[in-house]
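Residue-level structure breakdown
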Amino acid sequence: MLPERSRRKQIEQVVVTAEQMRQIEARIFAAGMPVAALMEKVGGAIARRVQTLYPYPQIRRVGVLVGPGHNGGDALVVARELHFQGYEVLVYRPIAKLKELTDQHAQYVKSLGIPHFEAIAPLQDCDLLIDGLFGFGMERQITEPIASDIHQLDRWSMPILSIDLPSGLHTDTGEVLGKAVKATRTFCLGLWKQGLLQDRALEYIGTAELLDFDIPTADIHAVLEAPKVKRVTSDLAIATLPLTRPPVTHKYKQGHLLLICGSRRYAGGALLTALGARASGVGMLSIAVPESLKPLLNAQLPEALVVGCAETDNGAIAQLDLPEGTDLESFQAIACGPGLTLEATPIIQGVLNNDCPLVLDADGLNILAILGTQKLSRRSSPTVLTPHAGEFKRLFPDAPSPMQDRISAVREAAQTSKAVVLLKGARTAIANPSGQVWINPESTPALARGGSGDVLTGLLGGLLAQATAQHISVDAIAACAAWWHSQAGILAERERTQMGVDAFTLTQFLIPVLHQSVG
């Protein structure tokens, strides 16, 4: 049996679809766990957490929204327990016909004198609302009059706590099914639901937390085998990152990264990418830039080997002028794209033909979209693509829209291109060609600044060079780079506010956030 801390770490990583959750619950019930007992356990845990977050008498009047299924049953258990703790509870129950167990709870709650209403208006003076209308697996559109009632409560100012996921959200895609509750908090029950990690769901879920009800790991593994969607947790990232080194080593054993970036017009892209790479701890950093940018890079990164290259009339790299005896396969990884401009197309063509792990971003992706992603299938070394949504659509016009289902989109793109695809966004998604998907569950809008992606490219490139030397999987290292980058943004926002996190500032928080996380 796993120690509780180890089990909890595993549970925090697991992400399930509605069908997978049904299968896991079915195994629990088949093993002898009564549905009624599980409902009591879950409802009691929610009630205790409510009392911690919204203690009486700071919060006195609680409205509970009850649907027809077991989500509604959970809500009724919460209503009963809060009533016994002195809260004034009101129940909104717009659907008369309930599942048998939920109906039994409704009868008992009524017997306690807790008022029930078919309309939402009587709950408008509550201090807190608890949403138990619809649970996981809902696929039908919410219709009238419930849609209008949800619209009404979304205009009220009191906090709303949703059980499992906000009512009206599709469990897998995060799609709004006509109308959805905008929760202040969401208590996800048992395991993380896939829809809660989709960008388009974020304005509805508020602060999300997992409420563990002790699902046996054997039941999870029986249904999922190896989970195909995982959350990137801090424990997982720290355990994966190449943070320790042997007592006897040297710089080339700690990875040698080549950055190819910048142009006279976009000098900042080269500098920000290089600063991100520096923070990665890579053993040796070489930077190929147009000759005119060499003094800038030398001044800012004296430890790096800056290679000045011949440039076009417009200041783009015309050809790579690597030191004598050095070729592209001399490096553990190459990262290129930020600030290159489309004039650097011959450079990208040459890089694609080499046998070295490769990160492509920005103009590297724009050039690849012109050349065609089929070129990647001919490479024997791994490729990591780091598009935002617009670049993704240009690279993969036939893939599902990342605005509709990021997980399906990034998975199909990785399988089609034979590359690791890191789809940037509020919830960055990373997929490898075998279908494994990682989701970075935390970020901040503070990172929506020019140059932020350049920093990620450098950071990822440096980690990839080290991962190649230490045999860490490419998709795992890409997921960890996304986690590290976003955590630095979160820490910077805390100290500087969202408006104060420019890309250069972000680079200054990469090491502090790592120091804080390692403890």
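What you see is a predicted model, and the numbers here were worked out from it, not measured in a lab. (Residues numbered from 1 in each chain as written. Predicted model: local features only at pLDDT ≥ 70, side-chain atom pairs only at ≥ 80, totals over all residues. Heavy atoms only, no water.)

On to the sheet that holds strand β7 (residues 185–189), then. With parallel pairing, seven strands are arranged side by side in an open sheet as β4-β3-β2-β5-β6-β7-β9. Whereas interior strands pair on both sides, the edge strands pair on one side only; in this sheet they are β4 (116–117) and β9 (207–211). As judged from the two bridges shared by strand β3 (residues 88–92) and β4, these two strands associate in the parallel manner. Across the sheet, the residue bridging to tyrosine 92 is phenylalanine 117, located in β4. (Pairing = 2+ DSSP bridges. Helix = DSSP H or I, 4+ residues; strand = E, 2+ residues; numbered from the N terminus.)

What follows covers helix α6 (residues 146–153). For α6, the complete set of buried residues consists of Ile146, Ala147, Asp149, Ile150 and Leu153. Angular distribution of buried residues about the axis of α6 spans 160°; they occupy a single face of the element. Tucked inside the fold, the buried residues of α6 contact β2 (61–66), β3, β5 (128–132) and β6 (160–163). (Buried < 20%, exposed > 50% of the residue type's maximum accessible area, 1.4 Å probe, protein only. Arc of directions from axis to C-beta. Contact = heavy atoms within 4.5 Å.)

Summed over all chains, the structure comprises two aromatic pairs. Considering the side-chain rings of phenylalanine 392 and phenylalanine 396, the 5.1 Å spacing of their centres and the 50° angle between planes classify their relative orientation as tilted. One exposure class covers both phenylalanine 392 and phenylalanine 396, and it is buried. (Phe/Tyr/Trp six-rings, centres within 6.5 Å; stacked < 30°, edge-to-face > 60°.)

With that out of the way, let us pick up the pairing of β2. Working note: regular strand, side chains alternate between the two faces of the sheet. Taking burial as the measure, the six residues of β2 include five buried ones, the bulk of the element. Sheet analysis places β2 next to β3, joined by five bridges and oriented parallel. Bridging from a neighbouring strand, valine 64 pairs with valine 91 of β3. Following the backbone out of β2, through helix α4 (residues 70–84) and into the adjacent parallel β3, one traces a crossover that is right-handed. Note: β2 against β5, five bridges, orientation parallel. Across the sheet, glycine 63 pairs through a bridge with leucine 129, a residue of β5. (Right-handed = clockwise from strand over helix to strand, strands pointing away.)

The next point concerns the packing of helix α16 (residues 452–470) against helix α17 (residues 474–496). Working note: a packed helix pair is described by the angle between its axes plus the distance between those axes. Contact geometry for α16 and α17: axes closest at 9 Å, N-to-C directions at 140°. Compared by their axis directions, α16 and α17 come out oblique. The two elements α16 and α17 cross, and the hand of that crossing is right-handed. Residues Ser452, Val455, Leu456, Leu459, Leu460, Leu463, Leu464 and Ala467 of α16 form the contact with α17, whose participating residues are Val474, Ile477, Ala478, Ala481, Ala482, Trp484 and His485. When its residues are assigned to classes, the contact of α16 with α17 shows 13 nonpolar, two polar and no charged. (Axes fitted to C-alpha atoms, helices over the stretch in contact; angles between N-to-C directions. Parallel < 35°, antiparallel > 145°, perpendicular 65-115°, else oblique. Left-handed = near helix turned anticlockwise from the far one by under 90°. Nonpolar A, V, L, I, M, F, W, Y, C, P; charged D, E, K, R; others polar.)

The residue after tyrosine 56, namely proline 57, is reached through a cis peptide bond having omega 10°. Checked against the element boundaries, proline 57 lands in the loop between α3 (35–53) and β2. Cis geometry marks the peptide bond from glutamate 144 to proline 145, where omega comes out at 0°. With respect to the helices and strands, the residue proline 145 is situated in the loop between β5 and α6. In this structure, aspartate 214 takes a positive phi of about 65° despite not being glycine. Position of aspartate 214 among the secondary structure elements: in the loop between β9 and α8 (217–224). Overall, the relative accessible area of 43% leaves aspartate 214 in the partly exposed class.

Right, let's talk about the environment of leucine 129 for a bit. Structurally, the position occupied by leucine 129 is in strand β5. Remark: the alpha-carbon pair of leucine 129 and proline 402, spanning 273 residues in sequence, is separated by 32 Å. Beyond its immediate sequence surroundings of up to four residues, leucine 129 is in contact with Gly63, Leu123, Leu153, Trp156, Met158, Pro159, Ile160 and Leu161.

All buried positions along helix α13 (residues 363–371) are accounted for by Asp363, Gly364, Leu365, Ile367, Leu368 and Leu371. Looking at the buried positions of α13, the neighbouring elements they touch are β14 (333–336), α12 (345–352), β15 (358–360), β16 (383–385) and α14 (389–395). Glycine 372 occupies a position one or two residues after α13 and carries a positive phi of about 105°.

Enumeration according to the criterion identifies 17 salt bridges in this entry. Across the pair arginine 22 and glutamate 19 runs a salt bridge, and its minimum N-O distance is 3.2 Å. Of this pair, arginine 22 and glutamate 19 both sit in helix α2 (residues 18–30), three residues apart, which is roughly one turn of that helix. Assessed through its relative accessible area of 36%, arginine 22 is described here as partly exposed. The shortest N-O distance in the salt bridge between glutamate 203 and lysine 182 comes to 3.5 Å. Taken as a pair, glutamate 203 in helix α7 (residues 202–205) and lysine 182 in the loop between β6 and β7 lie far apart in primary sequence, 21 residues in all. A network of salt bridges, in which partner residues are shared, links Arg8, Glu12, Asp212 and Arg231. (Salt bridge = Lys/Arg side-chain N within 4 Å of Asp/Glu carboxyl O.)

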